[in-house]
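Spelled out from the first residue to the last, the chains are:
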Amino acid sequence: MSAPGKARGRQRGRPVRQRNRTLWFWTFVGPFVAGLALFTYVPLAWSVYLSLFDAHNTVSPTDFVGLGNYTAMLGDPAFRSSLVTFAVFTAFIVPATYTLSLGLALAVNRLRFAQAFFRSVFFLPAACSYVVAAMVWKLSVFNGVRFGLANTVLGWFGAEPVAWLASTDPPWYWLVIGTVRLWLQAGFYMVLFLAGLQRVPVRLYEAAALDGARPGWQTFRHITFPALRATSVAVVLLLVIGAFQAFDEFYNLLSDTRGYPPYARPPLVYLYYTALGQGQDLGLGSAGAVILALIIAVVTVVQARWSGLGRKEE
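Procedures and definitions
- Residue positions within a chain follow its written sequence, with the count starting from 1.
- Residue-level local features of this predicted model are given only where pLDDT is at least 70; pairs of side-chain atoms are given and counted only at 80 or more, and the full residue set underlies all totals for whole chains, interfaces and linings.
- The side-chain quantities take in all heavy atoms of the structure and omit both hydrogens and water.
- UniProt positions are given in the numbering used here, feature names are shortened, and annotations may be inferred rather than shown by experiment.
- Think of each axis as a best-fit line through the C-alpha atoms, taken over the contacting stretch in the case of a helix, with angles from 0 to 180 degrees between the N-to-C directions.
- Helix and strand labels come from DSSP, where a helix needs a run of H or I of at least four residues and a strand needs a run of E of at least two; each type is numbered from the N terminus.
- Put simply, angles under 35 degrees are roughly parallel, angles over 145 are roughly antiparallel, angles from 65 to 115 are roughly perpendicular, and the rest are oblique.
- Contact between two residues is taken to exist if any of their heavy atoms lie within 4.5 Å; hydrogens are not considered.
- The residue classification treats Ala, Val, Leu, Ile, Met, Phe, Trp, Tyr, Cys and Pro as nonpolar and Asp, Glu, Lys and Arg as charged. All others, Gly included, are polar.
- For this analysis, a ring pair means two rings from Phe, Tyr or Trp (six-membered ring only for Trp) whose centres lie within 6.5 Å, classed as stacked if their planes differ by under 30 degrees, edge-to-face if by over 60, and tilted for the remaining angles.
- Burial here depends on accessible area, computed with a 1.4 Å probe over protein chains only, as a share of the maximum for the residue type. Under 20% is buried, over 50% is exposed, and the range in between is partly exposed.
- In this scheme, the term charge over a ring applies when either NZ of a lysine or CZ of an arginine sits within 6 Å of the ring centre and within 35 degrees of the ring normal.

Identification of the protein as Multiple sugar transport system permease protein from Streptomyces eurocidicus is taken from an unreviewed UniProt entry. Its UniProt record, at the heading Subcellular location (unreviewed entry), says of the protein: "Cell membrane". Quoted verbatim from the Sequence similarities (unreviewed entry) field of UniProt, the annotation for the protein is "Belongs to the binding-protein-dependent transport system permease family."

A. Up close: the packing of helix 3 (residues 77-109) against helix 9 (residues 217-227). Remark: helix 3 packs on helix 9, axes separated minimally by 14 Å, with the N-to-C direction vectors making an angle of 100°. It follows that helix 3 is roughly perpendicular to helix 9 by the angle criterion. In contact with Tyr98, Leu102 and Leu106 of helix 3, helix 9 contributes Phe220, Thr224 and Phe225. Looking at side-chain class alone, the contact of helix 3 with helix 9 contains 5 nonpolar, 1 polar and no charged residues.

B. Expanded view of the packing of aromatic side chains. In the structure shown here, the tally under the stated rule is 25 aromatic pairs. Between Trp174 and Phe250, the ring centres sit 6.1 Å apart and the planes meet at 80°, which makes this aromatic pair edge-to-face. Here the residue Trp174 occupies a position in helix 7 (residues 173-197), and Phe250 occupies one in helix 11 (residues 248-254), the gap between them amounting to 76 residues. Residue classification places Phe250 among the buried positions, given a relative accessible area of 0%. An angle of 40° between the planes, with centres 6.3 Å apart, marks the rings of Tyr251 and Tyr273 as tilted. Within this pair, whereas Tyr251 is found in helix 11, its partner Tyr273 is found in helix 12 (residues 267-276), the two being separated by 22 residues in sequence. Judged by relative accessible area, Tyr273 falls into the partly exposed class, the value being 25%. Arg265 extends its terminal NZ or CZ atom over the ring of Tyr273, reaching a point 5.2 Å from the ring centre.

C. Region of the structure containing the UniProt feature "transmembrane region" (unreviewed entry) in the protein. Taken from the UniProt record, the annotation "transmembrane region" (unreviewed entry) applies to residues 21-42, 83-109, 116-137, 172-195, 227-247 and 282-302. Between the end C-alpha atoms of residues 83-109 there is a gap of 38 Å, over a span that is 100% helix and 0% strand. The span residues 227-247 is 81% helical and 0% strand by assignment, and the distance between its end C-alpha atoms comes to 34 Å.

Listed below in structure tokens is the structure:
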């Protein structure tokens, strides 16, 4: 074949290969895009639509109320109380999980042997269902009777059994909720910190040692912790978003045959009873969900801007 003929053959072949690549791309990606649109974006859009209507016991309302549901939700003391519950929960769980997971990562990273074993042991609770963990905490560890593990330990020291989940003065239920959440998620964030620690160049520690830096707190403060800045920002963002979405441990720990108690109701538990309780007010529940989503978005953006997420390193 002459040179011009070969060139024309290559030109005809390129569109064919390009079409094949496009076809295979959508063959593999198409089902995921369709699932994301069907199960995420369509429900989100429909929730915004429902929030503008009086939707009692129906998902196809006709009585348009505009921003009335939003006004009613923001004026509801129970909804504002759920936001306070979230703030209390976040104020404890975010720094506690951050500190524990970072401490575990530092300890595992210093191990000379069996590092993979301990990494797996600490990460294993992350694979456990929140529902299962909550039921174990409720029925075995913090059972209100004297046969529960926590009350058994207290009994060794002569203390009386504590009704962990029924006591509001003091509110011992926060201890139960906080410990189960720590146990479930500390290992996952430990792995993220371990990945960040392994990216810190060894030459930084060598240079610090030559300059007289002492190993331990001084090296951690001036080298390790600043090098983990990007990882720390990502961990805190994930922790705050996860705290907003807390539902399983609250609902399964505190609810019983009589329903959910009037205390310690995070936003998702409140919205669950609003939209799926006796009133079946889907419009009001959708308005609360939209408000919660907007709060999450604003908090995430403000935190990212404040921490410099995505900013180029100097």
